[in-house]
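The lines below spell out each chain.
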Amino acid sequence: MAINETARCKYSKIEPNIHEFIFTESSRKAVDEFIAIMQDIAANPAEGEIIHNLMDSSVGVQPIAYIFRRTRSMMKQFQSQSQSQSSSKLALILPTGPLVQGVEMMLRSFPSLQTRIFKPGERDKAILWLNE
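Residues numbered from 1 in each chain as written. Predicted model: local features only at pLDDT ≥ 70, side-chain atom pairs only at ≥ 80, totals over all residues. Heavy atoms only, no water.

### Some words on the overall build of the protein
Note the following rule: Numbering of helices and strands runs from the N terminus, with a helix taken as a DSSP run of H or I at least four residues long and a strand as a DSSP run of E at least two residues long. Burial here depends on accessible area, computed with a 1.4 Å probe over protein chains only, as a share of the maximum for the residue type. Under 20% is buried, over 50% is exposed, and the range in between is partly exposed. Here, residues are in contact when the closest pair of their heavy atoms is within 4.5 Å. Residue exposure ignores everything except the shown protein chains as possible cover, and the areas themselves are Shrake-Rupley values with a 1.4 Å probe.
Scanning the protein for helices and strands turns up four helices and five strands. In the protein, which comprises 132 residues, the proportion classed as buried is 42%. Taking all contacts inside the protein whose residues are at least 6 apart in sequence as the whole, residues at least 24 apart take part in 71%. Element-wise, carbon and sulfur atoms account for 52% of the exposed surface of the protein, whose accessible area totals about 7,300 Å².

The following block contains the structure:
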């Protein structure tokens, strides 16, 4: 999948099992681009791949209700396709602020997904955690 340099959500696969998403703005359109990329990944799963995602939203928290509504149905699709879903991880890079607690609470609704929130500038730390 090519990287679109004008995208609101830039995608690259940085290691064999880490998908990196870098949001360039906080908006519903950025979330829609993210969902479209994730649906492409789900449509072409690699045999036995454990999916780890690194989402860098240093620009700000994405629209919380919107992204969780969109990702909930997508997570059901991933779970039905993947036996290894319990091993999947999500590292989020978010600026500190009151909305981060709301994100943490909503992430608990995905018990089969290991999640951890990192601060901007902690990308290397997030990658290390994903590789553990």
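Next comes the rest of the description.
### Regarding the pairing of strand β1 (residues 9-15)
Note the threshold: When DSSP finds two or more bridges between a pair of strands, those strands are recorded as paired.
Pairing between β1 and strand β2 (residues 18-23): six bridges, direction antiparallel. Across the sheet, residue S12 finds its bridge partner in β2, namely E20. Taking the residues between adjacent antiparallel strands as the criterion, β1 and β2 are bridged by two residues.

### Topic: the confidence of the model for the protein
What counts here: Along the chain, pLDDT gives the predictor's confidence residue by residue, from 0 to 100.
Across the protein, the average pLDDT comes to 84, with 85% of residues at or above 70. Taken element by element, the predicted model of the protein shows its lowest mean pLDDT in helix α2 (residues 64-81) (75) and its highest in helix α4 (residues 123-131) (96).

### Comments concerning the nonpolar core
Formally: Side-chain atoms within 4.5 Å are what join buried Ala, Val, Leu, Ile, Met, Phe, Trp, Tyr and Cys residues into a set we call a nonpolar core.
Counting residues in hydrophobic clusters, the biggest one holds 27 residues, and the most contacted among them are F21, F34, M55 and V103. Looking at this core, the elements with two or more residues in it are β1, β2, α1 (28-43), α2, β4 (89-93) and α3 (99-107). When residues of this core are assigned to their parent elements, the largest contribution, seven residues, is made by α1. Once you skip the residues sitting within four places of it in the chain, V103 turns out to touch V61, I64, F68, L92, L94 and I117. With nine residues, the next largest nonpolar core counts L54, I93, A126 and L130 among its residues.

### Thoughts on the side chain of S27
So the rule is basically this: The term polar contact refers here to a pair of N or O atoms within 3.5 Å; inside protein, the definition further demands a hydrogen-donor-capable atom paired with an acceptor-capable atom, and it admits residues adjacent in sequence only when both atoms are side-chain atoms.
With respect to the helices, strands and loops of the structure, S27 is situated in the loop between β2 and α1. Since its relative accessible area comes to 16%, S27 is described here as buried. Reaching out from S27, the side chain makes a polar contact with the backbone nitrogen of A30 at a distance of 3.1 Å. Setting aside anything within four residues of it in sequence, one finds S27 in contact with R8, Q62 and P63.

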